[in-house]
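One letter stands for each residue in the lines below.
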Amino acid sequence: IRHAESVANAAGIYQGQTHDMNLSPLGQKQVRALSARFVGEKLDRVYASPLLRTRCTAAGLGAPIDEPALLETNHGLWEGKPRAEIIAAWPELYRLWLEKPSQVCFPGGENFGDILERALGWLTSLADSNLTVAAVTHSNLIMALVAYLRGQSQDDIWRYVMQPTAVT
């Protein structure tokens, strides 16, 4: 599940791991709708990236368990900056991010492939658990997993659109 809209999402600001913002008023409404969607479903565990926006979203489903493997991409120097500022400062890297995300290493951050590796490790650890879980995380991580599970290149992630509180 992608987290609900945060204040930074609404403002077009890259959050990453360090620019952690609370949910916007719309995001709070989205959590209520998400909670209603899961009424009557038994979840053995609710995992969340340990960031505020994911924990607040996950709380609508139960008591969240922090899972570092579900963390957002470390966008390094992009974190806390609006898209326009990023494009102006790193035009070629931003273009590469849109065209070939598998080749991007964020300045002062991580390689995009790092998030897939940690997410797959966590997902694999649950494979034989017979638990029904919800995992509240970030769009980049979800798109990377979906592309991988469908046998696609990580450069195909932009085919998928993860709206706030989308359930995949």
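Refer to the structure printed above.
Since the structure is predicted, the reported quantities are computational estimates derived from the model, not experimental observations. Counting restarts for each chain, with residues numbered from 1 along the sequence as it is written. pLDDT decides what is reported in this predicted model: residues at 70 or higher carry local features, side-chain atom pairs at 80 or more are listed and counted, and totals for whole chains, interfaces and linings draw on all residues regardless. Side-chain measures here rest on the full set of heavy atoms in the structure, leaving out hydrogens and waters.

A carboxyl oxygen of Asp or Glu within 4 Å of a side-chain nitrogen of Lys or Arg is what we treat as a salt bridge. Per the stated rule, a full pass over the model turns up seven salt bridges. In this structure, Arg53 and Asp20 form a salt bridge, with 3.0 Å as the shortest nitrogen-oxygen distance. One end of the pair, Arg53, is in helix α3 (residues 52-58); the other, Asp20, is in the loop between α1 (7-11) and α2 (25-37), and 33 residues separate them in sequence. Salt-bridge contacts for Arg55 lead to Asp66; the nearest nitrogen and oxygen are separated by 2.4 Å. Highlighted residues: Arg55 in helix α3 and Asp66 in strand β2 (residues 64-66), separated in sequence by eleven residues. Going along the chain from the N terminus, every DSSP run of H or I of four or more residues is numbered as a helix, and every run of E of two or more is numbered as a strand.

Time to look at the packing of helix α6 (residues 112-126) against helix α7 (residues 139-149). Every angle, taken between N-to-C directions, lies between 0 and 180 degrees, and every axis is a line fitted to C-alpha atoms, over only the stretch in contact when it is a helix. The interhelical angle for the contact between α6 and α7, taken along N-to-C directions, is 75 degrees, at an axis separation of 9 Å. Between α6 and α7, the angle is such that the two are roughly perpendicular. Residues Phe112, Ile115, Leu116, Arg118, Ala119, Leu120 and Leu123 of α6 form the contact with α7, whose own contacting residues are Asn140, Leu141, Ala144, Leu145, Tyr148 and Leu149. A class-by-class count of the residues in the contact of α6 with α7 yields eleven nonpolar, one polar and one charged. If an angle is under 35 degrees, it is roughly parallel; if it is over 145, roughly antiparallel; if it lies from 65 to 115, roughly perpendicular; otherwise it is oblique. Contacts: residue pairs with any heavy atoms within 4.5 Å of one another. Each residue gets one of three labels, nonpolar for Ala, Val, Leu, Ile, Met, Phe, Trp, Tyr, Cys and Pro, charged for Asp, Glu, Lys and Arg, and polar for the others, Gly among them.

Right, let's get into a nonpolar patch on the surface. On the surface, a cluster of nonpolar side chains totalling about 300 Å² of accessible area is made up of Leu123, Tyr148 and Leu149. Along the chain, Tyr148 turns up in helix α7. To count toward a patch, a residue needs a relative accessible area above 30% and no salt bridge. Like charges then connect within 9 Å, nonpolar side chains (Val, Leu, Ile, Met, Phe, Trp, Tyr) within 5 Å. Surface accessibility in these figures is a Shrake-Rupley result with a 1.4 Å probe; residues are shielded only by whichever protein chains are displayed.

The definitions used throughout rest on a 1 Å grid laid over the protein atoms alone, on which a cavity is an enclosed set of points accommodating a 1.4 Å probe that cannot get out and a pocket is an open set flanked by protein within 12 Å on both sides along at least five of seven lines; lining residues are those having an atom within 4 Å of a point. Grid points are joined across faces, edges and corners, and a volume is the space filled by probe spheres set on the points. In this model, the largest pocket occupies a volume close to 540 Å³. Lining the largest pocket are 25 residues, with Arg2, Tyr14, Arg83, Ser139 and Asn140 positioned closest to its centre. Within the residue set of the lining of the largest pocket, elements represented by two or more residues are α1, α5 (91-99) and α7. Of the residues contributing to the lining of the largest pocket, the split by class is twelve nonpolar, nine polar and four charged. Taken as a whole, the second largest pocket encloses approximately 400 Å³ of empty space. Considering the residues around the second largest pocket, the lining is formed by 18 residues, among which Ile1, Leu123, Ala135, Leu145 and Thr168 are closest to the centre. Every element with two or more residues in the lining of the second largest pocket is listed here: α6, β3 (133-136) and α7. For the lining of the second largest pocket, the element with the highest residue contribution is α7, accounting for five residues. Its residues placed into classes, the lining of the second largest pocket shows 16 nonpolar, two polar and no charged.

To continue, consider the side chain of Ser24. In this fold, Ser24 is placed in the loop between α1 and α2. Accessibility expressed as a relative area gives 5% for Ser24, which makes it buried. Distance and chemistry together define a polar contact, namely a pair of N or O atoms within 3.5 Å, with one atom able to donate a hydrogen and the other to accept it when in protein, and with adjacent residues in sequence counting only for side-chain atoms on both sides. Polar contacts involving the side chain of Ser24 include one to the main-chain amide nitrogen of Gly27, which spans 2.9 Å. In contact with Ser24, not counting residues within four places along its chain, are Glu5, Ser6 and Val7. Throughout, exposure labels follow a simple rule: accessible area from a 1.4 Å probe, protein chains only, divided by the maximum for the residue type, with under 20% read as buried, over 50% as exposed, and the rest as partly exposed.

This brings us to α2. By this rule the span expected of a helix is its residue count minus one, scaled by 1.5 Å. In this model α2 runs 19 Å from its N-terminal to its C-terminal C-alpha over 13 residues, within 8% of the 18 Å that 1.5 Å per residue would give. Three or more residues of α2 are buried, namely Gly27, Gln30, Val31 and Leu34. Mapping the buried residues of α2 onto a view down its axis gives an arc of 105 degrees, with all of them on the same face. Exposed side of α2, more than 90 degrees from the buried face: Pro25, Lys29, Arg32 and Ala36 are the residues found there. In the core, the buried residues of α2 are packed alongside α3. It is the directions from the helix axis to the C-beta atoms whose arc is reported.

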